[in-house]
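One-letter residues, chain by chain:
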Amino acid sequence: MNDIYEGLVSAFWLVVTLDQDLMQISLRSLQVSLSALVIASVLALPLGTFLAIRRFRYRRLTISLLNALMGLPPVVVGLIVYILLSRSGPFGVFGLLFTPTAMIIAQVIIITPLIASITHQAMRELWAEYHDLLISLNTSNWQRIKTLIWDGRRNLLTASLAGFGRAIGEVGAIMIVGGNIDNATRVLTTAIALETGKGDFALALALGFVLIALAIGINICIHWLSRTEREGRW
Amino acid sequence: MSTILPLTLKDVAVRRRGKRLLGPVDLTLDPDGLTMIIGPNGSGKTTLLRVMHGVERLSTGTATWAVPEEEARHRQSYVFQTPIMLRRTVADNLGYPLRLLNAPRAQVNARVRHWAERIGLADRLSLQATRLSGGEKQKLALARALIRKPDVLFLDEPCANLDGASTRDIESILQTALSEKTRIIMTTHDLGQARRLASDAVFMLHGVVHERGPASRFFGAAQTAELQAFFRGDIIA
Ligand SMILES: Nc1ncnc2c1ncn2[C@@H]1O[C@H](COP(=O)(O)OP(=O)(O)OP(=O)(O)O)[C@@H](O)[C@H]1O
Ligand SMILES: [Mg+2]
């Protein structure tokens, strides 16, 4: 009990004095997850929108696949990426294993199906609402996509934030492909796992605070966005 | 500018899931006036209107305008039975059809202001359209349909659920459009309105045109027993 109390106090000081290790790890976390978010969004937002408005041969199959991928355990994703990137794997020549790039790749694989799926859901509803009007006005495909993306922008942002939340809190996959190397691939979640194992509760807790603050921040954003959606201020 | 009419429906039928919703229908719409489509619920009025507008897939038959399909589509507007509001402001909803055509901004703004005033929403241009009342949404949908100055305007029960004053507003807008040579085809359940506006009328029953004629004969001397019963307010089997 005492350990935890002392841990809390020193964690507090680590945060308010902007401890160098803490800052470095937090920034790396943000860098990896934001990169993954941008890449995943670029892939998933158009994909989800496209799936919502176009009928094509393997549409249902694609959607089922997407939903199945969403349920992939991150650890398994980590394992697969590890095998692909390891020295003897097909992409071994690039030497990406145990680099932040490998972690970004793993996170992109984890969150792309999630963002695409939420996007698809939201865009499908909007398309059902708009369908008759946009057909009647003789809109081109491109005009339809532009209209849907613009009018559904809040839902799309919510989808992206959900992806970011999943990425920043993920530990299994990036532990495997990043290796949790000090000054190279150590991020908030993997550092917490390590410090807790070592019994250094102060650093672990301080890292936990930052992670929680980020998670709460994201949730406030999502909440605020869905509120402004109802009131329609932007 | 030459008119896109007449519209000719030939042997048109619409089937969905093995059920015949419409047809066979043969019908020609002449260049002028207001055609009123009446009939009981589920008789196929909306389906017929959508067929004419070209947004319903035909199972058999053809619908042809006097000009090529592509051109005809650009010169007609449609107001749906339940108004569809874009999740945008009143001004952006009104201007949307013009912006699709890349109309200059000044022209869009001028027309938006004109129509907002006409439907009494000039003070709510920056309000989200989804927050308007049901009647305001119907007026907005009508104004949005007219903002491109279409040759042909389709209206599916534009005055359903409206009070007397709003109904008068809408009828007055329609009269103006008629006097500017807009061809109107609409449905209604309000027989008074049908009499006030129609130059000719179509009675739909069980997916077919049961009776059709110029307004004077249609309302004054209905030929079929079913239409006479419909006017009396009887329930038609
Ligand atoms: N996709 C569909 N599949 C099966 N039945 C349909 C479909 N679309 C419409 N219907 C049916 O077609 C019939 C005609 O519908 P329609 O909307 O044209 O009637 P309406 O005359 O406009 O009725 P109302 O006065 O209630 O608006 C209805 O019985 C409706 O249930
Ligand atoms: Mg109808």
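Residues numbered from 1 in each chain as written. Chains lettered and ligands numbered in written order. Predicted model: local features only at pLDDT ≥ 70, side-chain atom pairs only at ≥ 80, totals over all residues. Heavy atoms only, no water.

This part is about the packing of aromatic side chains. Within the structure shown, the criterion is met by nine aromatic pairs over all chains. Here the aromatic rings of Tyr78(B) and Phe80(B) are separated by 4.6 Å at their centres, their planes lie at 45°, and the arrangement is tilted. In this structure, Tyr78(B) and Phe80(B) share a single accessibility class: buried. Following the ring pairs from residue to residue traces out a cluster consisting of Tyr78(B), Phe80(B) and Phe154(B). Note that Arg153(A) overlies the ring of Trp150(A), its terminal NZ or CZ placed 4.0 Å from the centroid. Sitting over the face of the ring of Phe231(B), Arg195(B) holds its NZ or CZ atom 5.6 Å from the ring centroid. (Phe/Tyr/Trp six-rings, centres within 6.5 Å; stacked < 30°, edge-to-face > 60°. Buried < 20%, exposed > 50% of the residue type's maximum accessible area, 1.4 Å probe, protein only. Lys NZ or Arg CZ within 6 Å of the ring centre and 35° of its normal.)

With 20 residues of chain A at the contact, the number on the chain B side is 20 residues. Across the chain A/chain B interface, buried area totals approximately 1,800 Å², and carbon plus sulfur atoms make up 48% of it. Contact with chain B buries surface across chain A, with Leu133(A), Leu137(A) and Asn138(A) losing the most and accounting together for 30% of the total. The tally of links from chain A across to chain B stands at three salt bridges. Salt-bridge contacts for Arg50(B) lead to Asp132(A); the nearest nitrogen and oxygen are separated by 3.1 Å. At the boundary of chain A and chain B, one finds nine residue pairs in polar contact (both at pLDDT 80 or more). (Contact = heavy atoms within 4.5 Å. Buried area = accessible area lost by both parts, 1.4 Å probe. Salt bridge = Lys/Arg side-chain N within 4 Å of Asp/Glu carboxyl O. Polar contact = N/O pair within 3.5 Å; in protein donor to acceptor, adjacent residues only side chain to side chain.)

This part is about the sheet that holds strand β4 (residues 60-64) of chain B. Residues and elements named next belong to chain B. Pairing in this open sheet of three strands is antiparallel, and the strands run β2-β1-β4 from one edge to the other. The sheet terminates laterally at β2 (19-29) and β4, the two strands that pair on one side only. Averaged over all pairs of adjacent strands, the angle between strand axes in this sheet comes to 20°, irrespective of strand direction. Pairing analysis gives four bridges linking strand β1 (residues 7-16) to β4, with the strands arranged antiparallel. Looking at β4, one finds that Lys10 is bridged to Thr62. Packed onto the sheet, helix α1 (residues 45-53) meets β1 and β2 and runs at close to 55° relative to β2. (Pairing = 2+ DSSP bridges. Helix = DSSP H or I, 4+ residues; strand = E, 2+ residues; numbered from the N terminus. Axes fitted to C-alpha atoms, helices over the stretch in contact; angles between N-to-C directions.)

Tetrahedral coordination by four donors puts the ideal angle at the metal at 109.5 degrees, and octahedral coordination by six puts it at 90 or 180 degrees. Protein coordination of the magnesium ion (ligand 2) is provided by Thr46(B) (OG1) and Gln81(B) (OE1), with donor distances spanning 1.9 to 2.4 Å. Residue Thr46(B) is found in helix α1, and its partner Gln81(B) is found in the loop between β5 (76-79) and α3 (90-100); the two are separated by 35 residues along the sequence. (Donors = N, O, S within 2.8 Å, 3.2 Å for Na, K, Ca; no water.)

On to the packing of α3(B) against helix α5 (residues 134-146) of chain B. All names here are of chain B. α5 packs onto α3 with a crossing angle of 30° between their chain directions and a minimal axis gap of 7 Å. Our classification of the angle between α3 and α5 gives roughly parallel. Pair α3 / α5 crosses with right-handed handedness. Judged by residue contacts, Val90, Asn93, Leu94 and Pro97 of α3 engage Leu140, Ala143 and Arg144 from α5. Per-class residue counts for the contact of α3 with α5 are five nonpolar, one polar and one charged. (Parallel < 35°, antiparallel > 145°, perpendicular 65-115°, else oblique. Left-handed = near helix turned anticlockwise from the far one by under 90°. Nonpolar A, V, L, I, M, F, W, Y, C, P; charged D, E, K, R; others polar.)

This part is about the site of ligand 1. All names here are of chain B. Of all residues adjacent to ligand 1, which total 14 residues, the nearest are Asn41, Gly42, Lys45, Thr46 and Thr47. In this structure, Thr46 approaches ligand 1 through a side-chain N or O atom, which is 2.6 Å from an oxygen atom. At 2.9 Å, a side-chain N or O of His189 approaches an oxygen atom of ligand 1. In isolation ligand 1 has 640 Å² of accessible area, and contact with the protein removes 66% of it. When contributions to the shell around ligand 1 are tallied by element, the ones reaching two or more residues are β2 and α1. Partitioned by chemical class, the residues of the shell around ligand 1 number two nonpolar, eight polar and four charged. (Near = heavy atom within 4 Å. Areas by Shrake-Rupley, 256 points an atom, 1.4 Å probe, with all protein chains shown as cover.)

Let's shift gears to the UniProt feature "transmembrane region" (unreviewed entry) in chain A. All names here are of chain A. Here the UniProt feature "transmembrane region" (unreviewed entry) sits at residues 32-53, 65-85, 91-116, 156-181 and 201-225. Taken end to end, residues 32-53 has its terminal C-alpha atoms 32 Å apart, with 100% of it in helix and 0% in strand. With 77% helix and 0% strand, the stretch residues 156-181 has end C-alpha atoms that lie 34 Å from each other. (UniProt positions renumbered as here; feature names shortened; annotations may be inferred.)

Let's shift gears to helix α5 (residues 100-136) of chain A. The largest bend in α5(A) comes to about 55°, at Tyr130(A). A positive phi of about 60° marks Asn138(A), the residue just after α5(A). (Bend = angle between axes of the 7 residues up to and from the residue.)

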